[in-house]
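One letter stands for each residue in the lines below.
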Amino acid sequence: MSEHASAGFATRAVHVGQTPGATTGAVVTPVYRSSTFAQDHVDRLRGGYEYGRGGNPTRTAFQQALASLEGGERAFAFPAGLAAEDTLVRALTRPGDDIAYAQDLYGGTFRLFSQIYPEEGRTTAAVDASDPEAVAAELARRRSRFLWIETPSNPLLEILDIRALADAAHSAGALLIADNTFASPYLQQPLAWGADAVVHSTTKYIGGHSDIIGGAVVLRAGLSLPAGRAGYSGTGRLGDELAYLQSAVGSVPGPDDVWLQSRGLKTLAVRMERHSANARAVAQFLRGRAGVAQVLYPGFADHPGHAVAERQMRAFGGIVSLRLGSAERARKLCESTRVFTLAVSLGATESLIEYPPIMTHAEKTSTAVALPDDIVRLSIGLEDPEDLIADLDQALAAL
Ligand SMILES: *Cc1c(COP(=O)(O)O)cnc(C)c1O
């Protein structure tokens, strides 16, 4: 692994964690479908592996690659994005601790912060993350353990300034955690802009083919638990705490699923280039199309977050949201496409269309952070852009 440490993104995506096997020369790290590992002595392991809940070589390979691609020290693979989020939150907080989160978040993440954690005695609050100075004051006042952000956000595609928010969080003694699902490590590496931890739903771009559910956490080097806590692991290090908790609660992915995610990483760079180029073509078409009230896409020069996105992202990603002027038109559009499939999720080869207020963000409906009711989210796939545009054109004509 170390010989690739200074290589470019695509080279590391292909090679890190994929050292040919010592006994067979297998070029691809195999699926180790084994729950237990033979030992030569009762107190000594052969290759560091004992039982599949604690570790598996297929999982290690994926974690090494992802840690390298995000520029982190350690990565942890989980059976779902929400499992990754939950384990990280539990490692960092205890009942009585405070959690701050940005307003526009994935519905399931919002559900954790608005329902699950408050019920267990953690206090939580949504903050306006577009104003880093106000964020710093609010985090200090609440004595929050961390601020949780998404950029680009789901589904409004708002852009947050990671560097400014990391400085704000740190000045208040809090950590900054970034959900990097929408960008993927190819387009954006939040740790390089000062974030402390990154989470992923690897179900999306990292898996990339709509065939697995998975999640991950990546940590920057040198993170300690808050308030001088030693934690369950006793070392006081966040990485040790996550590893301990993950094994203690059994929140581990199967080897077949992580193998597919390692495969996904190898093509991530080329896929993200094509997703981004297709999304730009679709966004430009929609912007000029009668019947579309607004197109939300950070690649437009007049998007309020464009300059920040240009600085912290390599390209603008594969998601485009649009507003249709009424809930009826938005729902009808979702039911009128032929190439776009009406389905939740995003980040895969096939283009998807969905209606967030009912399908992915229902938890927010009738709350202070409710979405506009005329919004539609598109996940732009790898098809020919002309076919995607023609499909949207006919669906808009049908409204
Ligand atoms: C899908 C998603 C999640 C949740 O991940 P799962 O793999 O579905 O558990 C979290 N954050 C974002 C931005 C997502 O899109």
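What you see is a predicted model, and the numbers here were worked out from it, not measured in a lab. (Residues numbered from 1 in each chain as written. Predicted model: local features only at pLDDT ≥ 70, side-chain atom pairs only at ≥ 80, totals over all residues. Heavy atoms only, no water.)

Student: Hey, could you go over the overall build of the protein chain for me, with residue numbers and the actual values?
Tutor: Each helix and strand counted, the protein chain has 14 helices and 12 strands in total. Taking 21 Å as the expected radius of gyration for a compact globule of 399 residues, we find that the protein chain reaches 21 Å, a close match to that expectation. Principal-axis analysis of the C-alpha atoms gives the protein chain an extent of 70 × 55 × 35 Å. Going through the 399 residues of the protein chain one by one, you find that 54% of them count as buried. In the protein chain, of all internal contacts separated by at least 6 residues, the share reaching a separation of at least 24 is 70%. Between the centroid of the 36 positive side chains of the protein chain and the centroid of its 44 negative side chains there is a distance of 3 Å. (Helix = DSSP H or I, 4+ residues; strand = E, 2+ residues; numbered from the N terminus. Rg over C-alpha atoms; globule rule 2.2 N^0.38 Å. Buried < 20%, exposed > 50% of the residue type's maximum accessible area, 1.4 Å probe, protein only. Contact = heavy atoms within 4.5 Å. Lys, Arg positive; Asp, Glu negative; His and termini not counted. Charge placed at Lys NZ, Arg CZ, Asp CG, Glu CD.)

Student: So what about the sheet that holds strand β12 (residues 375-379)? Which residues, and what values?
Tutor: If you walk across this open sheet you meet the 5 strands as β8-β9-β12-β11-β10, and the pairing is mixed. The strands lining the two open edges of the sheet, one partner per strand, are β8 (294-296) and β10 (341-342). Alignment of β10 against strand β11 (residues 352-354), held across 2 bridges, turns out to be parallel. Residue pairing for β11: Leu342 is matched across the bridge by Ile353. Set on the sheet, helix α10 (residues 268-287) makes contact with β8, β9 (319-323) and β12; between it and β9 the angle comes to about 15 degrees. Strands in contact with helix α12 (residues 327-334) are β9, β10, β11 and β12; relative to β12, the strand with the most contacts, it is inclined by about 25 degrees. (Pairing = 2+ DSSP bridges. Axes fitted to C-alpha atoms, helices over the stretch in contact; angles between N-to-C directions.)

Student: Break down the pattern of salt bridges for me, with residues and values.
Tutor: The final tally for this structure, using the stated rule, is 19 salt bridges. Taking the shortest distance from any N to any O, the salt bridge between Arg74 and Asp240 comes out at 3.1 Å. With Arg74 in strand β1 (residues 74-78) and Asp240 in helix α8 (residues 238-249), the pair connects residues that are 166 residues apart, well separated along the chain. Of the residues examined, Arg74 reaches a relative accessible area of 31% and is grouped as partly exposed. (Salt bridge = Lys/Arg side-chain N within 4 Å of Asp/Glu carboxyl O.)

Student: An account of the site of the ligand is needed here, citing residue identities and associated values.
Tutor: Neighbouring the ligand are 14 residues; Gly81, Asp179, Ser201, Thr203 and Lys204 lie closest to it. Note that an oxygen atom of the ligand is positioned 2.9 Å from one of the backbone N or O atoms of Leu82. Within the side chain of Ser201, a nitrogen or oxygen atom sits 2.8 Å from an oxygen atom of the ligand. Expressed as a share of its isolated accessible area of 380 Å², the protein-covered part of the ligand is 93%. Broken down by element, the residue count for the shell around the ligand peaks at 3 residues, all from helix α3 (residues 81-92). Class assignment for the residues of the shell around the ligand results in 4 nonpolar, 6 polar and 4 charged. (Near = heavy atom within 4 Å. Polar contact = N/O pair within 3.5 Å; in protein donor to acceptor, adjacent residues only side chain to side chain. Areas by Shrake-Rupley, 256 points an atom, 1.4 Å probe, with all protein chains shown as cover. Nonpolar A, V, L, I, M, F, W, Y, C, P; charged D, E, K, R; others polar.)

Student: I'd like a description of unusual backbone geometry, backed by residues and values.
Tutor: Thr151 connects to Pro152 through a cis peptide bond whose omega is -5 degrees. Mapped onto the secondary structure, Pro152 falls in the loop between β4 (144-150) and α6 (162-171). Each neighbour pair has its own omega, and for Asn154 with Pro155 the value is 5 degrees, a cis peptide bond. Mapping Pro155 onto the fold places it in the loop between β4 and α6. Positive phi outside glycine occurs at Arg143, with the angle close to 55 degrees. With respect to the helices, strands and loops of the structure, Arg143 is situated in the loop between α5 (132-142) and β4. One non-glycine residue, Ser184, lies in the positive phi region at around 70 degrees. Turning to its location among the elements, Ser184 is positioned in helix α7 (residues 184-187). According to the relative accessible area criterion, Ser184 is buried, its value standing at 1%.

Student: Describe the pairing of strand β2 (residues 98-102), and please don't skip the residues or the numbers.
Tutor: Counted residue by residue, β2 has 5 buried out of 5 residues, so it is predominantly covered. Across the two faces of β2 the burial is the same, with Asp98, Ala100 and Ala102 and Ile99 and Tyr101 all buried. Note: β2 against strand β3 (residues 123-127), 5 bridges, orientation parallel. Of the residues in β3, the one forming a bridge with Asp98 is Thr123. Between the parallel elements β2 and β3, the chain passes through helix α4 (residues 107-119) in a crossover that is right-handed. (Right-handed = clockwise from strand over helix to strand, strands pointing away.)

Student: I'd love a proper account of the nonpolar core, names of residues and values included.
Tutor: Within soluble globular proteins, side chains that are nonpolar generally end up buried alongside one another. Counting 84 residues, the largest nonpolar core has Leu147, Ile149, Leu176, Leu286, Val376 and Leu378 as its most contacted members. Among the elements that take part in this core, α10 stands out by supplying 8 residues, more than any other. Grouped together as the second largest cluster of nonpolar side chains are 29 residues, Ala83, Phe113, Leu225 and Leu242 included. (Core = buried A, V, L, I, M, F, W, Y, C linked by side-chain atoms within 4.5 Å.)

Student: Mind laying out the packing of aromatic side chains, listing which residues take part and the relevant values?
Tutor: For the coordinates displayed, the defined rule picks out 11 aromatic pairs. Plain terms: the ring middles of Phe37 and Tyr49 are 5.5 Å apart, the flat faces sit at 40 degrees to each other, and that makes the pair tilted. Note that Phe37 is positioned in the loop between α1 (9-15) and α2 (57-70) and Tyr49 in the loop between α1 and α2, a separation of 12 residues in sequence. A centroid spacing of 6.1 Å and a plane angle of 70 degrees characterise the contact between Tyr101 and Phe110, whose relative ring orientation is edge-to-face. Ring-pair connections join several aromatic residues into one group, and the members of that group are Tyr101, Phe110, Phe113, Tyr117, Phe146 and Trp148. When the ring centre of Tyr106 is taken as origin, the NZ or CZ atom of Lys204, which lies over that ring, is 5.1 Å away. Positioned over the ring face of Tyr186 is Arg314, at 4.0 Å from the centre of the ring. (Phe/Tyr/Trp six-rings, centres within 6.5 Å; stacked < 30°, edge-to-face > 60°. Lys NZ or Arg CZ within 6 Å of the ring centre and 35° of its normal.)

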